[in-house]
Each structure stands twice: as structure tokens, then as C-alpha cells.
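Analysis of the macromolecular model
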Amino acid sequence: MRSINSRRLFSGTGLIVTGLAATLVAMIFPIWSYSDRSGTGVDTLNAQTLSTRYGPLSALDREFVTKVRLAGLWELPAGQQAEERGTTRAVKTAGEHLVEGHTFLDERVRDVASQLGLQLPNQPNEQQQAWLGTLSAARGEEYDVQFANILRTAHGKVFGLVAQVRASTRNSLVRALADDANTTVLDHITVLEATGLVDFDALARDAATASPPPLTNSPAPPGPTDSPSPPVPVSPSPSPSPSASRTYTLPPPATSRPPEDDEPKESRETKESKNSGASKNGDTGGDKSEDKKP
């Protein structure tokens, strides 16, 4: 009889303990599920974002600034090379656009990095140096094809990054730089395609099989830093031709874009009306002098 009561007591106690445990788990689970949010996109964004006087500066913003600088370090000398080695007017024109565009962008990105306290690279990365090596080894029509396709592929990849940064950045300096980069990159894509040498099938296959590229090391956070030094372009390797002994140096830095007309419309209209009135008075005076003549 005691054994039966003991079993009943044990069974009842077990049920109570089990119920309490289930209740405790039910209470803890919501807390655990909502507190374990580390690693989400928002947390990563907040953890890697720095405060500046121009707005929050995210890791993607810093990555973008670095890539604008890297693009100029190899595309500018590549443009200089195309101006000399290109066998068609279209290839030479594309080279001219690369030189002009990246001279302007490099000045802009160095100014932005200086204001944000970011350190910039002074040499192209390994892949970019390999591209320059491929171009330096090519000759004649082969050079034209290699130039058009290598540069078009590179610009296509950075074009997406520019759009992403422009759409999401909260930093006013980065936003303005993205505007300039968007205009420049689109111009370069257009002139490269105008050569008639771009393999669009290869571009499509590359885009379909490519995985997201890893981020390069982000620049140092804002702080006291030295002003970024001017870019050091990579000279193409020597070749048997006489022109190959020439080195490719940066052209004079761009000062700025043509200033916009900031004069208010009202003031312009006032000046125009005064000038018009003065001319009319002058005409009238001339007529009167004519009347006084005999």
C-alpha cells in the first residue's frame, strides 16, 4: 500500500517539476531569441559606423573611398598608355577620358579622405598591377582588345558599388564623391564601349558566375592623419619600341570643375535691363545729335 502511494506521490511530483520546467523554458525563450541579435545587418552597420561632422561614416563608405583611390592608381596610367599605344582613334579617345576623369577623381578623393581623416593607398593592388602587366605585354590590335575589355570589366564592377553607396550613405562628403564617381564611371563605360571591341557575352558570363568580392581592409578611422600623398602611377614594362622607354607620369592635377553661375536670376535681369536702357539712351542721344546738324 505504501509502495503504491509512493509511486503516486513520485508521479505527481514529476508532473509538477516537468510543468515548472516547461513554464520556465517558455518564459526564457522569448528573452533569448530577442537578445541574441548580434551579427545582424543593423548591428554590423552600427558597430562599424563612425561619427563624423559630415554624418555617419560606415565601413562601406570607407571601402568606397579606398576603391576610388585604387581605381585612379592604375586606370590613369592605363589611359596614358592607351593614348600612345592605341591603334584606333576610339581607343585613344577612351584613354584621354580615363586620364581626365581619374585626374579629377583622384583630387576629389584625396580631399575627402583628408577631411574624414582616412589613410589612402599609394600603389595599385595585386590584381590591378596584373592588369597593367597584361596591357604592357600586348601590341597592336591585341592591345586595343585587351584595353577595352579589361577596363570595361573593371568599370562595370565598380559601377554597382557606386550606386549602392550613393543610395545608402549618410555622409555628405561620401555622397558628393559618389555623384562625381557615378558621372565619371558612366562616361568611361560609354567611351570604352564606343571602341566596338567590348565582348558583352564575356561580361554577362562573368557577372553570372562572379561571387561578391571580399572587402579590402578599411582605412583607419577618423583622427589626426597626414594629408594623402599624390598617387604613384605604375609605369608599363619596357618594350622594343622606342616609345616604350617613356615613363607614364600624372598630368597636372585638376583644379576644379567649371564654376556654376550662382548669381541670382533677379540680379541678372536687373543688369540686363540697365544695359538695355543704357543702349537705348545712347541711341536716342545719337538721334538728337543728328537732328542738330544743318
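Residues numbered from 1 in each chain as written. Predicted model: local features only at pLDDT ≥ 70, side-chain atom pairs only at ≥ 80, totals over all residues. Heavy atoms only, no water.

1. Brief notes about the overall build of the protein
Of regular secondary structure, the protein possesses nine helices and zero strands. For the protein, buried positions account for 32% of its 294 residues. Sequence separation of at least 24 residues holds for 80% of the intrachain contacts in the protein that already meet a minimum separation of 6. Here the protein displays about 18000 Å² of accessible surface, and carbon together with sulfur accounts for 57% of that area. (Helix = DSSP H or I, 4+ residues; strand = E, 2+ residues; numbered from the N terminus. Buried < 20%, exposed > 50% of the residue type's maximum accessible area, 1.4 Å probe, protein only. Contact = heavy atoms within 4.5 Å. Areas by Shrake-Rupley, 256 points an atom, 1.4 Å probe, with all protein chains shown as cover.)

2. Quick word on the nonpolar core
Ranked by size, the top nonpolar core spans 23 residues in total, and within it Phe64, Val65, Leu116, Leu118, Val165, Val174 and Leu177 carry the most contacts. Elements with a contribution of two residues or more to this core: helix H3 (59–85), helix H4 (89–116), helix H6 (140–168) and helix H7 (172–193). Once residues within four sequence positions are removed from consideration, Val165 is found in contact with Leu60, Asp61, Phe64, Val174 and Ala178. Ala78, Ala94, Leu132 and Tyr143 belong to the second-largest nonpolar core, a separate cluster that totals 17 residues. (Core = buried A, V, L, I, M, F, W, Y, C linked by side-chain atoms within 4.5 Å.)

3. Remarks on H4
For H4, spanning 28 residues, the distance from its first C-alpha to its last is 40 Å, which sits close to the expected 40 Å at 1.5 Å a residue. One or two positions beyond H4, positive phi appears at Gly117, with a value near 70°. (Expected span 1.5 Å × (residues − 1).)

4. Quick notes on H3
An α-helical turn contains 3.6 residues, so any two residues separated by three or four positions project in the same direction. With 27 residues, H3 extends 39 Å from end C-alpha to end C-alpha; this agrees with the ideal 39 Å at 1.5 Å per step. Of all 27 residues in H3, 23 are buried, a share of seventy percent or more.

5. Regarding the packing of aromatic side chains
As enumerated under the stated definition, the model contains two aromatic pairs in all. Centre to centre, the rings of Trp74 and Trp131 are 5.0 Å apart; their planes meet at 40°, and the pair counts as tilted. Note that Trp74 is positioned in helix H3 and Trp131 in helix H5 (residues 126–137), a separation of 57 residues in sequence. Neither Trp74 nor Trp131 differs from the other in exposure class; each is buried. With a centroid separation of 6.1 Å and 15° between ring planes, the pair formed by Tyr143 and Phe147 is classed as stacked. Of this pair, Tyr143 and Phe147 both sit in helix H6, separated by four residues, roughly a single helical turn. Residue class for Tyr143 comes out buried when judged on its relative accessible area of 0%. (Phe/Tyr/Trp six-rings, centres within 6.5 Å; stacked < 30°, edge-to-face > 60°.)

6. A word on the side chain of Thr169
With respect to the helices and strands, Thr169 occurs in the loop between H6 and H7. Beyond its immediate chain neighbours, meaning those up to four positions away, Thr169 contacts Asp61, Val174 and Arg175.

7. Thoughts on the packing of H4 against H6
Taken N-terminus to C-terminus, the directions of H4 and H6 make an angle of 40°; their axes are 11 Å apart at the nearest point. You can see that H4 and H6 cross each other, and the crossing is left-handed. Mapping the contact onto sequence places Val91, Ala94, Gly95, Leu98 and His102 in H4 and Asp144, Phe147, Leu151 and His155 in H6. For the contact of H4 with H6, the residue count by class is five nonpolar, three polar and one charged. (Axes fitted to C-alpha atoms, helices over the stretch in contact; angles between N-to-C directions. Left-handed = near helix turned anticlockwise from the far one by under 90°. Nonpolar A, V, L, I, M, F, W, Y, C, P; charged D, E, K, R; others polar.)

8. Notes on the confidence of the model for the protein
This prediction gives the protein a mean pLDDT of 76; 55% of its residues lie at or above 70. Predicted confidence is poor over residues 282–294, with pLDDT under 50, and the contacts of this stretch with residues over four places away or in other chains come to zero contacts. (pLDDT = per-residue confidence, 0-100.)

9. Digging into the packing of H3 against H7
Running from amino to carboxyl end, H3 crosses H7 at an angle of 40°, the nearest separation of the two axes being 11 Å. Handedness of the H3/H7 crossing: left-handed. Contacts from Asp61, Phe64, Val65 and Glu75 in H3 reach Val174, Leu177, Ala178, Ala181 and His188 in H7. Of the residues contributing to the contact of H3 with H7, the split by class is six nonpolar, one polar and two charged.

10. As for the environment of Thr169
With a relative accessible area of 8%, Thr169 lands in the buried category. Residues Thr169 and Pro56, spaced 113 residues apart in sequence, show a C-alpha to C-alpha distance of 8.1 Å. At 3.1 Å, the side chain of Thr169 and the side chain of Asp61 are in polar contact. (Polar contact = N/O pair within 3.5 Å; in protein donor to acceptor, adjacent residues only side chain to side chain.)

11. A short note on the side chain of Arg108
Assignment of secondary structure puts Arg108 in helix H4. Polar side-chain contacts of Arg108 include one of 2.7 Å to the side chain of Asp180. Sequence-distant contacts of Arg108, that is, excluding residues within four places in its chain, are made with Ala176, Leu177 and Asp180.

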